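Observations on the three-dimensional arrangement
Listed below are the residues making up each chain.
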Amino acid sequence: MSNQSLSRRTFVGLMLSTLAGWLAACRRAATAPTAATLPSTDTPVPPAATYPPPPTLTGTPVSTTPPPSPTATGTAPPIPSATPLSTPTATPIPPTYTPVPATPTRPPSPTATPTATDLSRATLTAHWPATETSRVVLVRHSGVWAGEAPDPEIVLQMLDAGLSTLTDLPDALAAWRVLLDADEQVLLKVNCIAYGGPTQPAVTYAVAQRLQEAGLQAENILIFDRTDNELAAAGYTLNEGGPGVQCHGSRGLGTGIALSQARTHFYQELDACDAIINLPTPKQHGGAGVSVALKNHYGSVDTPGALHGNWCDPAIAELNTQPILRDKTRLIVSAALNVSPCDWNRPERENALLLSFDPVALDTVGRDILVRHRQTLGMDAGYLVEGARHLRTAQSLGLGATDVERIDLQEVTLG
(Lines give C-alpha, C1' and ligand atoms only; values in the text may rest on other atoms or scores of the structure.)
Protein backbone atom coordinates (compact mmCIF):
# COMPACT_ATOMS: atom_id res chain seq x y z
CA MET A 1 0.00 0.00 0.00
CA SER A 2 2.78 2.44 0.91
CA ASN A 3 4.58 1.61 -2.33
CA GLN A 4 1.46 2.50 -4.30
CA SER A 5 1.06 5.83 -2.37
CA LEU A 6 4.70 6.74 -3.01
CA SER A 7 4.28 5.99 -6.68
CA ARG A 8 1.26 8.26 -6.90
CA ARG A 9 3.04 11.08 -5.05
CA THR A 10 6.01 10.73 -7.34
CA PHE A 11 3.78 10.77 -10.38
CA VAL A 12 1.86 13.86 -9.18
CA GLY A 13 5.12 15.63 -8.32
CA LEU A 14 6.53 14.98 -11.75
CA MET A 15 3.36 16.25 -13.39
CA LEU A 16 3.35 19.44 -11.29
CA SER A 17 7.02 20.06 -12.06
CA THR A 18 6.41 19.64 -15.77
CA LEU A 19 3.39 21.95 -15.67
CA ALA A 20 5.35 24.63 -13.80
CA GLY A 21 8.14 24.51 -16.35
CA TRP A 22 5.68 24.77 -19.19
CA LEU A 23 3.94 27.80 -17.62
CA ALA A 24 7.29 29.53 -17.02
CA ALA A 25 8.27 29.02 -20.64
CA CYS A 26 4.97 30.46 -21.82
CA ARG A 27 5.41 33.44 -19.54
CA ARG A 28 8.89 34.13 -20.93
CA ALA A 29 7.66 33.82 -24.51
CA ALA A 30 4.78 36.17 -23.83
CA THR A 31 7.05 38.87 -22.43
CA ALA A 32 9.92 38.51 -24.89
CA PRO A 33 10.13 41.33 -27.47
CA THR A 34 9.22 40.40 -31.02
CA ALA A 35 9.62 42.10 -34.38
CA ALA A 36 6.08 43.42 -33.99
CA THR A 37 6.74 44.99 -30.58
CA LEU A 38 10.18 46.44 -31.21
CA PRO A 39 10.21 50.11 -32.24
CA SER A 40 10.57 50.55 -35.98
CA THR A 41 12.61 53.28 -37.65
CA ASP A 42 13.43 53.87 -41.28
CA THR A 43 17.12 53.83 -40.33
CA PRO A 44 17.92 50.93 -37.98
CA VAL A 45 21.30 51.30 -36.25
CA PRO A 46 23.94 48.91 -37.63
CA PRO A 47 25.05 46.28 -35.12
CA ALA A 48 28.03 47.10 -32.94
CA ALA A 49 30.05 44.34 -34.55
CA THR A 50 29.73 46.12 -37.89
CA TYR A 51 30.24 49.73 -36.84
CA PRO A 52 32.49 50.36 -33.82
CA PRO A 53 31.47 52.92 -31.18
CA PRO A 54 32.43 56.45 -32.22
CA PRO A 55 35.56 57.90 -30.63
CA THR A 56 35.74 61.28 -28.92
CA LEU A 57 34.61 63.90 -31.39
CA THR A 58 36.62 66.99 -32.21
CA GLY A 59 34.63 68.45 -35.10
CA THR A 60 37.35 67.43 -37.54
CA PRO A 61 37.64 64.26 -39.62
CA VAL A 62 38.01 61.36 -37.24
CA SER A 63 40.39 58.51 -37.94
CA THR A 64 38.81 55.20 -37.00
CA THR A 65 39.24 51.59 -37.92
CA PRO A 66 36.98 51.02 -40.93
CA PRO A 67 34.09 48.64 -40.32
CA PRO A 68 34.04 45.32 -42.16
CA SER A 69 32.77 45.76 -45.68
CA PRO A 70 29.15 44.62 -45.94
CA THR A 71 28.46 42.10 -48.66
CA ALA A 72 25.45 41.57 -50.83
CA THR A 73 25.14 38.03 -49.53
CA GLY A 74 25.33 38.95 -45.85
CA THR A 75 22.43 39.29 -43.48
CA ALA A 76 20.36 42.33 -44.35
CA PRO A 77 19.13 44.62 -41.57
CA PRO A 78 15.54 43.94 -40.52
CA ILE A 79 12.83 45.31 -42.76
CA PRO A 80 10.75 47.87 -40.85
CA SER A 81 7.25 46.75 -40.00
CA ALA A 82 4.15 48.51 -41.20
CA THR A 83 3.72 49.88 -37.68
CA PRO A 84 5.17 53.42 -37.38
CA LEU A 85 8.10 54.09 -35.03
CA SER A 86 5.77 55.21 -32.27
CA THR A 87 2.23 54.45 -33.32
CA PRO A 88 0.53 57.84 -33.45
CA THR A 89 -2.89 58.36 -32.01
CA ALA A 90 -5.56 59.77 -34.30
CA THR A 91 -4.62 63.39 -34.90
CA PRO A 92 -6.86 65.80 -36.78
CA ILE A 93 -5.23 67.85 -39.48
CA PRO A 94 -4.61 71.33 -38.03
CA PRO A 95 -7.16 73.88 -39.25
CA THR A 96 -4.25 76.07 -40.38
CA TYR A 97 -2.94 73.37 -42.74
CA THR A 98 -2.99 74.38 -46.41
CA PRO A 99 -1.34 72.27 -49.10
CA VAL A 100 0.98 74.08 -51.45
CA PRO A 101 -1.04 75.15 -54.53
CA ALA A 102 0.36 74.07 -57.89
CA THR A 103 0.60 76.15 -61.05
CA PRO A 104 0.24 74.08 -64.25
CA THR A 105 3.11 74.86 -66.58
CA ARG A 106 5.19 73.61 -69.48
CA PRO A 107 8.95 73.20 -69.79
CA PRO A 108 10.65 76.18 -71.49
CA SER A 109 10.69 76.10 -75.27
CA PRO A 110 13.97 75.66 -77.20
CA THR A 111 13.97 79.40 -77.96
CA ALA A 112 13.54 80.45 -74.34
CA THR A 113 16.11 82.52 -72.49
CA PRO A 114 18.35 82.68 -70.50
CA THR A 115 21.04 80.32 -71.71
CA ALA A 116 23.40 78.37 -69.47
CA THR A 117 26.27 80.72 -70.25
CA ASP A 118 24.32 83.53 -68.61
CA LEU A 119 24.12 81.75 -65.24
CA SER A 120 26.52 80.90 -62.46
CA ARG A 121 25.95 77.84 -60.30
CA ALA A 122 25.14 80.03 -57.30
CA THR A 123 22.53 81.95 -59.29
CA LEU A 124 20.99 78.78 -60.71
CA THR A 125 20.62 77.02 -57.35
CA ALA A 126 19.55 80.02 -55.25
CA HIS A 127 16.37 79.55 -53.19
CA TRP A 128 14.66 81.05 -50.17
CA PRO A 129 15.89 82.89 -48.09
CA ALA A 130 18.29 84.16 -50.78
CA THR A 131 15.32 84.58 -53.12
CA GLU A 132 11.70 85.53 -52.52
CA THR A 133 10.42 82.01 -53.14
CA SER A 134 11.74 78.49 -53.66
CA ARG A 135 10.68 76.59 -56.75
CA VAL A 136 9.60 72.95 -56.64
CA VAL A 137 8.73 71.12 -59.84
CA LEU A 138 6.28 68.21 -59.88
CA VAL A 139 6.43 66.19 -63.12
CA ARG A 140 3.75 63.60 -63.86
CA HIS A 141 3.36 60.95 -66.53
CA SER A 142 0.51 58.44 -66.22
CA GLY A 143 2.30 56.00 -68.53
CA VAL A 144 5.60 55.83 -66.66
CA TRP A 145 4.95 52.29 -65.43
CA ALA A 146 5.46 49.55 -68.01
CA GLY A 147 3.86 46.72 -66.08
CA GLU A 148 5.73 46.28 -62.80
CA ALA A 149 8.77 48.37 -63.83
CA PRO A 150 9.13 52.03 -64.82
CA ASP A 151 9.79 52.79 -68.49
CA PRO A 152 13.39 54.13 -68.57
CA GLU A 153 12.75 56.41 -71.56
CA ILE A 154 9.73 58.04 -69.93
CA VAL A 155 11.69 58.51 -66.70
CA LEU A 156 14.39 60.34 -68.71
CA GLN A 157 11.73 62.54 -70.30
CA MET A 158 10.33 63.38 -66.87
CA LEU A 159 13.80 64.16 -65.51
CA ASP A 160 14.61 66.44 -68.47
CA ALA A 161 11.30 68.28 -68.24
CA GLY A 162 11.67 68.71 -64.50
CA LEU A 163 15.19 70.11 -64.63
CA SER A 164 14.37 72.44 -67.52
CA THR A 165 11.34 73.78 -65.66
CA LEU A 166 13.29 74.16 -62.42
CA THR A 167 16.12 76.11 -64.05
CA ASP A 168 14.23 77.82 -66.93
CA LEU A 169 16.86 76.32 -69.24
CA PRO A 170 15.43 74.52 -72.28
CA ASP A 171 18.56 72.34 -72.59
CA ALA A 172 18.61 69.98 -69.59
CA LEU A 173 22.18 68.84 -70.34
CA ALA A 174 23.32 72.46 -70.24
CA ALA A 175 21.75 72.73 -66.78
CA TRP A 176 23.63 69.63 -65.61
CA ARG A 177 26.89 71.19 -66.85
CA VAL A 178 26.24 74.30 -64.76
CA LEU A 179 25.46 72.21 -61.69
CA LEU A 180 28.49 69.93 -61.89
CA ASP A 181 32.05 70.02 -63.25
CA ALA A 182 33.18 67.18 -65.47
CA ASP A 183 35.97 66.09 -63.10
CA GLU A 184 33.92 66.04 -59.89
CA GLN A 185 33.21 62.99 -57.74
CA VAL A 186 29.42 62.83 -57.35
CA LEU A 187 27.51 60.88 -54.71
CA LEU A 188 23.90 59.90 -55.44
CA LYS A 189 22.30 59.41 -52.00
CA VAL A 190 19.40 56.98 -52.32
CA ASN A 191 17.09 55.55 -49.66
CA CYS A 192 16.90 51.76 -49.64
CA ILE A 193 15.12 51.18 -46.34
CA ALA A 194 11.99 49.04 -46.84
CA TYR A 195 12.71 46.90 -49.82
CA GLY A 196 9.24 47.31 -51.34
CA GLY A 197 9.48 51.10 -51.48
CA PRO A 198 13.06 52.35 -51.94
CA THR A 199 14.28 55.12 -54.22
CA GLN A 200 13.30 53.59 -57.55
CA PRO A 201 16.50 52.50 -59.36
CA ALA A 202 15.11 53.67 -62.71
CA VAL A 203 15.21 57.25 -61.42
CA THR A 204 18.74 56.94 -60.02
CA TYR A 205 20.12 55.38 -63.18
CA ALA A 206 18.42 58.09 -65.26
CA VAL A 207 20.30 60.73 -63.24
CA ALA A 208 23.56 58.78 -63.67
CA GLN A 209 22.99 58.58 -67.44
CA ARG A 210 22.41 62.31 -67.79
CA LEU A 211 25.50 63.05 -65.69
CA GLN A 212 27.62 60.97 -68.06
CA GLU A 213 26.08 62.65 -71.08
CA ALA A 214 26.96 65.99 -69.47
CA GLY A 215 30.62 64.95 -69.39
CA LEU A 216 31.19 63.20 -66.05
CA GLN A 217 33.06 59.91 -65.93
CA ALA A 218 30.92 56.93 -64.94
CA GLU A 219 33.57 55.82 -62.45
CA ASN A 220 33.26 59.19 -60.66
CA ILE A 221 29.57 58.59 -59.93
CA LEU A 222 28.72 56.63 -56.76
CA ILE A 223 25.23 55.35 -55.94
CA PHE A 224 25.32 55.22 -52.14
CA ASP A 225 23.38 54.08 -49.11
CA ARG A 226 24.51 52.58 -45.80
CA THR A 227 25.05 48.94 -46.79
CA ASP A 228 25.59 46.75 -49.82
CA ASN A 229 22.79 44.53 -48.56
CA GLU A 230 20.18 47.26 -48.76
CA LEU A 231 21.35 48.50 -52.15
CA ALA A 232 21.29 45.03 -53.69
CA ALA A 233 17.90 44.18 -52.17
CA ALA A 234 16.49 47.43 -53.58
CA GLY A 235 17.49 46.48 -57.12
CA TYR A 236 20.82 48.26 -57.53
CA THR A 237 23.82 46.61 -59.21
CA LEU A 238 26.79 46.61 -56.87
CA ASN A 239 30.07 47.79 -58.40
CA GLU A 240 33.19 48.72 -56.48
CA GLY A 241 36.26 49.43 -58.55
CA GLY A 242 34.98 47.98 -61.80
CA PRO A 243 34.23 49.97 -64.95
CA GLY A 244 31.04 52.00 -65.00
CA VAL A 245 28.91 53.69 -62.36
CA GLN A 246 30.01 52.73 -58.85
CA CYS A 247 27.53 51.39 -56.30
CA HIS A 248 28.30 50.29 -52.76
CA GLY A 249 27.63 50.96 -49.10
CA SER A 250 29.83 52.52 -46.46
CA ARG A 251 33.45 51.48 -46.08
CA GLY A 252 34.22 53.47 -42.94
CA LEU A 253 33.56 56.51 -40.79
CA GLY A 254 34.44 60.08 -41.62
CA THR A 255 33.81 63.49 -40.09
CA GLY A 256 32.49 63.50 -36.53
CA ILE A 257 29.84 66.02 -35.48
CA ALA A 258 27.97 66.90 -32.29
CA LEU A 259 24.25 67.60 -32.56
CA SER A 260 21.86 68.57 -29.76
CA GLN A 261 20.60 65.01 -29.30
CA ALA A 262 23.74 62.96 -29.94
CA ARG A 263 27.18 62.74 -31.46
CA THR A 264 27.53 60.94 -34.76
CA HIS A 265 29.79 60.46 -37.78
CA PHE A 266 29.24 60.91 -41.46
CA TYR A 267 30.33 57.96 -43.55
CA GLN A 268 33.66 58.56 -45.27
CA GLU A 269 32.03 58.54 -48.72
CA LEU A 270 30.33 61.84 -47.84
CA ASP A 271 33.75 63.32 -47.05
CA ALA A 272 35.32 61.98 -50.24
CA CYS A 273 32.78 63.28 -52.75
CA ASP A 274 32.76 66.75 -54.30
CA ALA A 275 29.01 66.97 -54.82
CA ILE A 276 25.79 65.27 -53.66
CA ILE A 277 22.54 64.69 -55.49
CA ASN A 278 19.86 63.78 -52.95
CA LEU A 279 17.50 61.07 -54.27
CA PRO A 280 14.87 60.35 -51.59
CA THR A 281 11.42 58.81 -51.90
CA PRO A 282 8.43 60.21 -49.94
CA LYS A 283 7.43 58.06 -46.95
CA GLN A 284 5.30 58.51 -43.85
CA HIS A 285 7.24 58.16 -40.63
CA GLY A 286 5.76 57.51 -37.19
CA GLY A 287 8.68 59.27 -35.51
CA ALA A 288 9.10 62.28 -37.83
CA GLY A 289 5.80 62.70 -39.64
CA VAL A 290 7.44 62.34 -43.03
CA SER A 291 10.75 61.16 -44.46
CA VAL A 292 11.83 62.76 -47.71
CA ALA A 293 15.00 64.75 -48.59
CA LEU A 294 16.03 66.04 -45.17
CA LYS A 295 15.61 62.75 -43.34
CA ASN A 296 17.24 60.80 -46.16
CA HIS A 297 20.56 61.85 -44.65
CA TYR A 298 19.91 59.74 -41.56
CA GLY A 299 21.37 57.12 -43.88
CA SER A 300 24.52 59.24 -44.23
CA VAL A 301 25.54 58.90 -40.56
CA ASP A 302 26.43 55.92 -38.38
CA THR A 303 24.14 56.42 -35.36
CA PRO A 304 20.74 57.48 -36.74
CA GLY A 305 18.90 55.65 -33.97
CA ALA A 306 20.16 58.24 -31.48
CA LEU A 307 18.54 61.05 -33.49
CA HIS A 308 14.89 59.99 -33.26
CA GLY A 309 13.85 61.73 -30.06
CA ASN A 310 11.17 64.46 -30.00
CA TRP A 311 9.92 63.66 -33.52
CA CYS A 312 13.53 63.89 -34.77
CA ASP A 313 13.51 67.60 -33.97
CA PRO A 314 15.85 69.46 -34.05
CA ALA A 315 18.13 66.61 -35.17
CA ILE A 316 16.97 66.45 -38.79
CA ALA A 317 17.38 70.18 -39.31
CA GLU A 318 20.69 70.37 -37.43
CA LEU A 319 22.13 67.49 -39.46
CA ASN A 320 21.28 69.23 -42.72
CA THR A 321 22.97 72.46 -41.64
CA GLN A 322 26.32 70.66 -41.60
CA PRO A 323 28.59 72.01 -44.37
CA ILE A 324 29.27 68.51 -45.67
CA LEU A 325 25.60 68.37 -46.73
CA ARG A 326 24.60 71.99 -47.13
CA ASP A 327 27.58 73.02 -49.27
CA LYS A 328 27.88 69.87 -51.37
CA THR A 329 24.25 69.26 -52.33
CA ARG A 330 23.60 70.44 -55.89
CA LEU A 331 20.10 69.10 -56.54
CA ILE A 332 17.27 67.07 -55.03
CA VAL A 333 15.37 64.63 -57.25
CA SER A 334 12.69 62.82 -55.29
CA ALA A 335 11.62 59.51 -56.81
CA ALA A 336 7.85 59.67 -56.39
CA LEU A 337 6.88 57.12 -59.02
CA ASN A 338 5.86 55.27 -55.86
CA VAL A 339 5.24 56.84 -52.46
CA SER A 340 4.69 55.21 -49.07
CA PRO A 341 1.80 56.84 -47.18
CA CYS A 342 1.25 53.73 -45.02
CA ASP A 343 3.29 50.54 -45.28
CA TRP A 344 6.79 51.15 -46.66
CA ASN A 345 6.76 47.72 -48.25
CA ARG A 346 3.46 48.32 -50.04
CA PRO A 347 3.83 51.73 -51.71
CA GLU A 348 1.19 53.53 -53.74
CA ARG A 349 1.60 54.77 -57.32
CA GLU A 350 2.10 58.53 -57.75
CA ASN A 351 3.73 58.57 -61.23
CA ALA A 352 5.78 61.65 -60.42
CA LEU A 353 9.19 63.17 -59.85
CA LEU A 354 9.88 66.12 -57.56
CA LEU A 355 12.84 68.42 -58.23
CA SER A 356 14.12 71.39 -56.26
CA PHE A 357 17.22 73.08 -54.90
CA ASP A 358 15.37 73.65 -51.61
CA PRO A 359 15.06 70.48 -49.49
CA VAL A 360 12.55 72.04 -47.09
CA ALA A 361 10.18 73.17 -49.84
CA LEU A 362 10.45 69.80 -51.59
CA ASP A 363 9.72 67.96 -48.34
CA THR A 364 6.69 70.18 -47.76
CA VAL A 365 5.27 69.21 -51.16
CA GLY A 366 6.14 65.56 -50.48
CA ARG A 367 4.25 65.77 -47.19
CA ASP A 368 1.19 67.11 -49.02
CA ILE A 369 1.28 64.15 -51.42
CA LEU A 370 1.35 61.71 -48.49
CA VAL A 371 -1.50 63.56 -46.76
CA ARG A 372 -3.61 63.30 -49.91
CA HIS A 373 -2.99 59.57 -50.21
CA ARG A 374 -3.94 58.89 -46.60
CA GLN A 375 -7.06 61.01 -46.88
CA THR A 376 -8.07 59.13 -50.01
CA LEU A 377 -7.63 55.85 -48.10
CA GLY A 378 -9.73 57.18 -45.22
CA MET A 379 -6.78 57.14 -42.81
CA ASP A 380 -5.50 59.55 -40.19
CA ALA A 381 -3.20 62.12 -41.79
CA GLY A 382 -2.88 64.68 -39.00
CA TYR A 383 0.35 63.25 -37.61
CA LEU A 384 2.07 63.80 -40.96
CA VAL A 385 1.54 67.53 -40.44
CA GLU A 386 1.97 67.71 -36.66
CA GLY A 387 4.89 65.29 -36.63
CA ALA A 388 6.88 67.00 -39.37
CA ARG A 389 7.89 69.77 -36.99
CA HIS A 390 11.43 69.57 -38.37
CA LEU A 391 10.21 71.48 -41.43
CA ARG A 392 9.49 74.55 -39.32
CA THR A 393 12.84 74.19 -37.54
CA ALA A 394 14.66 73.82 -40.85
CA GLN A 395 13.04 77.03 -42.11
CA SER A 396 14.05 78.86 -38.94
CA LEU A 397 17.66 77.78 -39.59
CA GLY A 398 17.55 79.15 -43.13
CA LEU A 399 17.68 75.77 -44.88
CA GLY A 400 14.65 76.54 -47.03
CA ALA A 401 10.96 77.37 -47.02
CA THR A 402 7.94 75.52 -45.66
CA ASP A 403 5.50 78.44 -45.64
CA VAL A 404 3.04 78.05 -48.53
CA GLU A 405 3.52 81.62 -49.75
CA ARG A 406 7.27 81.05 -50.05
CA ILE A 407 6.98 77.97 -52.32
CA ASP A 408 6.51 78.21 -56.08
CA LEU A 409 5.16 74.79 -57.08
CA GLN A 410 5.19 74.21 -60.84
CA GLU A 411 3.32 71.13 -62.09
CA VAL A 412 4.21 69.58 -65.46
CA THR A 413 2.03 66.84 -66.98
CA LEU A 414 3.63 64.94 -69.84
CA GLY A 415 1.09 62.21 -70.43
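Residues numbered from 1 in each chain as written. Predicted model: local features only at pLDDT ≥ 70, side-chain atom pairs only at ≥ 80, totals over all residues. Heavy atoms only, no water.

1. Describing the packing of aromatic side chains
Counted only if it meets this: In summary, the pairing rule links any two rings of Phe, Tyr or Trp, Trp by its six-membered ring, whose centres are within 6.5 Å, and it sorts them by plane angle into stacked for under 30 degrees, edge-to-face for over 60 and tilted for everything else. Starting at the N terminus, helices and strands are each numbered in turn, a helix being any DSSP run of H or I of at least four residues and a strand any DSSP run of E of at least two. Think of it in three bands: residues with accessible area under 20% of the maximum for their type are buried, residues over 50% are exposed, and the middle band is partly exposed, with areas taken using a 1.4 Å probe on protein chains only. Charges are assigned to positions over rings by a cutoff of 6 Å between ring centre and Lys NZ or Arg CZ, combined with an angular limit of 35 degrees from the ring normal.
This structure, assessed with the given rule, holds 2 aromatic pairs. Here the aromatic rings of Y205 and Y236 are separated by 5.8 Å at their centres, their planes lie at 45 degrees, and the arrangement is tilted. One end of the pair, Y205, is in helix α5 (residues 201-213); the other, Y236, is in the loop between α6 (228-233) and β7 (246-248), and 31 residues separate them in sequence. In this structure Y205 comes out as partly exposed when scored by relative accessible area, which is 29%. Overall, the relative accessible area of 4% leaves Y236 in the buried class. Stacked on the ring of W344, the Lys or Arg K283 has its end atom at 4.5 Å from the ring centre. Across from the ring centre of W145, 3.8 Å away, lies the NZ or CZ of R349, which sits over that ring.

2. Some words on the sheet that holds strand β1 (residues 102-104)
Test applied: Paired strands, in this sense, are two strands between which DSSP finds at least two bridges. Angles shown run from 0 to 180 degrees and are taken between the N-to-C directions of axes, each axis being a line fitted to C-alpha atoms and, for helices, limited to the stretch in contact. Working rule for contacts: check all heavy atoms of both residues, and any pair within 4.5 Å makes them a contact.
Taken in spatial order, the 9 strands of this open sheet run β1-β15-β2-β14-β13-β10-β5-β6-β7, and their pairing is mixed. Pairing within the sheet leaves two strands with one partner each, and these edge strands are β1 and β7. If you compare each strand with its neighbour and ignore which way they point, the axes differ by 25 degrees on average. With 3 bridges joining them, β1 and strand β15 (residues 407-413) adopt parallel strand pairing. Its bridge partner being in β15, A102 is matched across the sheet by L409. Of the strands in this sheet, β2 (134-140), β13 (329-339), β14 (348-356) and β15 are in contact with helix α3 (residues 152-167), which crosses β14 at around 35 degrees.

3. Looking at helix α4 (residues 172-179)
Keep this limit in mind: Counted as a polar contact is a pair of N or O atoms within 3.5 Å, where, for protein atoms, one must be capable of donating a hydrogen and the other of accepting one, and residues adjacent in sequence contribute only when both atoms are in side chains.
With respect to burial, α4 is a largely interior element, 6 of its 8 residues being buried. For α4, every residue scored as buried is listed here: A172, A174, A175, W176, V178 and L179. On its buried side, α4 packs onto α2 (121-125), α3, α5, β10 (275-279) and β13. Between the side-chain oxygen at the start of α4 and the backbone nitrogen of L173 there is a gap of 3.1 Å, and the oxygen is on D171.

4. Considering the confidence of the model for the protein
Selection rule: pLDDT expresses, on a scale from 0 to 100, how confident the predictor is about each individual residue.
Of the residues in the protein, 77% reach a pLDDT of 70 or more, and the chain-wide mean stands at 83. Taken as a whole, residues 1-87 scores under 50 in pLDDT and shows 112 contacts with residues more than four places along the chain or in a different chain.

5. Focus: the pairing of β14
Consecutive side chains of a regular strand alternate in pointing toward one face of the sheet and then the other. By the criterion of burial, β14 is predominantly enclosed, with 7 of the 9 residues buried. Where β2 meets β14, 5 bridges bridge the pair, whose relative direction is antiparallel. Counterpart to V139 in the pairing with β14 is L353. In terms of strand pairing, β13 meets β14 through 7 bridges, oriented antiparallel. Directly across from V333, in β14, lies its bridge partner L355.

6. What about the pattern of salt bridges?
Note the cut-off: Salt bridge criterion: a side-chain nitrogen from Lys or Arg within 4 Å of a carboxyl oxygen from Asp or Glu.
Applying the stated criterion across every chain yields a total of 17 salt bridges. In this structure, the salt-bridge partner of D408 is R135, at a minimum N-O distance of 3.1 Å. One end of the pair, D408, is in strand β15; the other, R135, is in strand β2, and 273 residues separate them in sequence. A salt bridge links E230 to R226; its shortest N-O distance comes to 2.3 Å. Judged by relative accessible area, which is 2%, E230 ranks as buried.

7. Focus on unusual backbone geometry
The omega torsion across W128 and P129 is 15 degrees, close enough to zero to call that bond cis. As for its placement among the helices and strands, P129 is situated in the loop between α2 and β2. That bond from D313 to P314 is cis: its omega, 15 degrees, falls within 30 degrees of zero. Assignment of secondary structure puts P314 in the loop between α8 (293-296) and α9 (315-320). The backbone phi angle of N310 is positive, close to 55 degrees, even though this residue is not glycine. Within the element layout of this structure, N310 appears in the loop between α8 and α9. Positive phi, close to 60 degrees, is recorded for C312, a residue that is not glycine. When you line up the elements, C312 lands in the loop between α8 and α9. Since its relative accessible area comes to 0%, C312 is described here as buried.

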